[in-house]
Amino acid sequence: MSQMKTLTAGLAAGLAASTLFAGLYGDTPDAKHAWSVHDANRPNPAKITAEPGQPPSDAVVLFDGTSLDNWTSTKPGEPTKWKLADGALESVKGAGYIRTKQEFGDCQLHIEWAAPANVQGVGQGRGNSGVFLMGSYEIQVLDSYETATLPDGKNLNPNYADGQASSVYAENPPLVNACRKPGEWQTYDIVFHQPVWENGKLKYPGSVTVLHNGVLTQDHWEMEGMTTHCRRRPLAPHAAKLPLQLQDHGNPVRFRNIWIREIPSRYANTTHGGPAANEADVMALRKATAAKLFEAVNPGDANKAAALGRILEVVSYDKADAYMNVVGSLRDAYLKELAACDAQKLKDRKGEIIGVRNACNVLIRNKVLPEECTLRAALQRIITEHKLEKK
Ligand code: MG
């Protein structure tokens, strides 16, 4: 914080607290980052409410125990024949898959399910359903409470690992078996990013993270394909948004408390940038921020340090010639003003002078301004000559 304190202390007199060169504190924006480190210009996240056991305020509630209005059959034109029973949504044998009427892409999904209390069958025939993200990627729903082989060598519920509850079906088993007993309610909390295609080529395979009853079972698993049985079916492009589906596998599996939140793709996240950010989007946001900040730059400002600070902040986002020209004219005006100050006046303004010098240092360190920056050199000469900085 020390540099920020120095920067702000000297300039506070001339500037509102909220505009203290926020973009000139940490490392400046670059090709992958639209904001500087600790950038106070960066928008704060939207405020939501998240009460225990309740859907977050920005979630789309898909099932709250009262109606099937948000769901329909995957068979065109047919209403769902799944049952609403005791506040739960129950799969009905032969009724077919159901899907949401609304379509979703990247998402956070919360869903609760229970295998039948009086569970019947073994393996894939035992409390089987499934959560099909975008109708294409199945997180298995299955009674997998008993999987161990008994000491006598018998296994009451033989199964394959990549088909257990919480598996990415036919691809990846869960990290652990966190299954509760048949009849008991269980939770899935799923974070899903769909594959990203660019010009027909796979840019990113997408990923799925699953917490089963609060336990991590899929750790950012990058999808290898689209769900099918027995085969490895490669990924293929599809629409950006598709319905969420639940599987009818012939067993009366129940669901409740289903909500979903749409989340941004890392590749479309222009709010923050990051390793996967699209560089053109990042630059567009940097330019927009610079243009907005430039509106507050007044080249005729009586407080020349303040005006100079503002334009230096602008160029930390965008070094466009038009902005750099204003840097040049404000630099000249500021240095002319300082040249007319006597020793005492310079001492009185030491915080401000050191603040502008420090802003130059940040920009030089980040190669926004050249190493041989004349403004920094001139200010440093004044600081050294008049011993403005404690050593
Ligand atoms: Mg299934």
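Residues numbered from 1 in each chain as written. Predicted model: local features only at pLDDT ≥ 70, side-chain atom pairs only at ≥ 80, totals over all residues. Heavy atoms only, no water.

A.B. asks: What am I meant to see in the coordination of the magnesium ion here?
C.D. replies: Angles between donor atoms at a metal ideally measure 109.5 degrees for a four-coordinate tetrahedral arrangement and either 90 or 180 degrees for a six-coordinate octahedral one. Those protein atoms acting as donors to the magnesium ion are Asn-128 (OD1), Ser-129 (O), Glu-138 (OE), Gln-140 (OE1) and Gln-247 (OE1), and they sit at 2.1 to 2.4 Å. We note that the donor set of the magnesium ion lies within a single chain, spaced as N-S-x8-E-x1-Q-x106-Q. With a gap of 12 residues between them, Asn-128 in the loop between β6 (107-114) and β7 (129-133) and Gln-140 in strand β8 (residues 137-141) connect regions that are remote in the sequence. (Donors = N, O, S within 2.8 Å, 3.2 Å for Na, K, Ca; no water. Helix = DSSP H or I, 4+ residues; strand = E, 2+ residues; numbered from the N terminus.)

A.B. asks: Would you take a moment to explain helix α3 (residues 304-317) for this structure?
C.D. replies: Since the α-helix turns once every 3.6 residues, residues separated by three or four places project in the same direction. The terminal C-alpha atoms of α3, which comprises 14 residues, lie 21 Å apart, in line with the 20 Å expected from a rise of 1.5 Å per residue. Where burial is concerned, most of α3 is hidden: 13 out of the 14 residues are buried. A side-chain oxygen of the first residue of α3 lies 3.4 Å from the backbone nitrogen of Ala-305; this N-cap is Asn-303. (Expected span 1.5 Å × (residues − 1). Buried < 20%, exposed > 50% of the residue type's maximum accessible area, 1.4 Å probe, protein only. Polar contact = N/O pair within 3.5 Å; in protein donor to acceptor, adjacent residues only side chain to side chain.)

A.B. asks: I keep staring at the packing of α3 against helix α4 (residues 321-339) and nothing clicks. Help me out?
C.D. replies: What describes two packed helices is the angle between their axes and the distance between those same axes. Where α3 meets α4, the axes come as close as 9 Å, and the angle between the chain directions of the two elements is 155 degrees. By the angle between their directions, the pair α3 and α4 is classed as roughly antiparallel. Note that α3 runs across α4; the crossing there is left-handed. Of the residues in α4, those touching α3 at Lys-304, Ala-305, Ala-307, Leu-308, Ile-311, Leu-312, Val-314 and Val-315 are Tyr-323, Met-324, Val-326, Val-327, Leu-330, Arg-331, Ala-333, Tyr-334 and Glu-337. (Axes fitted to C-alpha atoms, helices over the stretch in contact; angles between N-to-C directions. Parallel < 35°, antiparallel > 145°, perpendicular 65-115°, else oblique. Left-handed = near helix turned anticlockwise from the far one by under 90°. Contact = heavy atoms within 4.5 Å.)

A.B. asks: Please clarify how the side chain of Thr-217 should be interpreted in this entry.
C.D. replies: Examined against the element boundaries, Thr-217 turns out to sit in strand β13 (residues 215-222). Residue Thr-217 is classed as buried on the basis of its relative accessible area of 0%.

A.B. asks: How should a nonpolar patch on the surface be read in this particular structure?
C.D. replies: A cluster of nonpolar side chains, contributed by Leu-175, Val-176, Leu-211, Val-215 and Leu-216, occupies part of the molecular surface with about 370 Å² of accessible area. Its relative accessible area of 34% is what places Leu-216 among the partly exposed residues. (Patch = residues over 30% accessible without salt bridge, like charges linked within 9 Å, V, L, I, M, F, W, Y side chains within 5 Å. Areas by Shrake-Rupley, 256 points an atom, 1.4 Å probe, with all protein chains shown as cover. Salt bridge = Lys/Arg side-chain N within 4 Å of Asp/Glu carboxyl O.)

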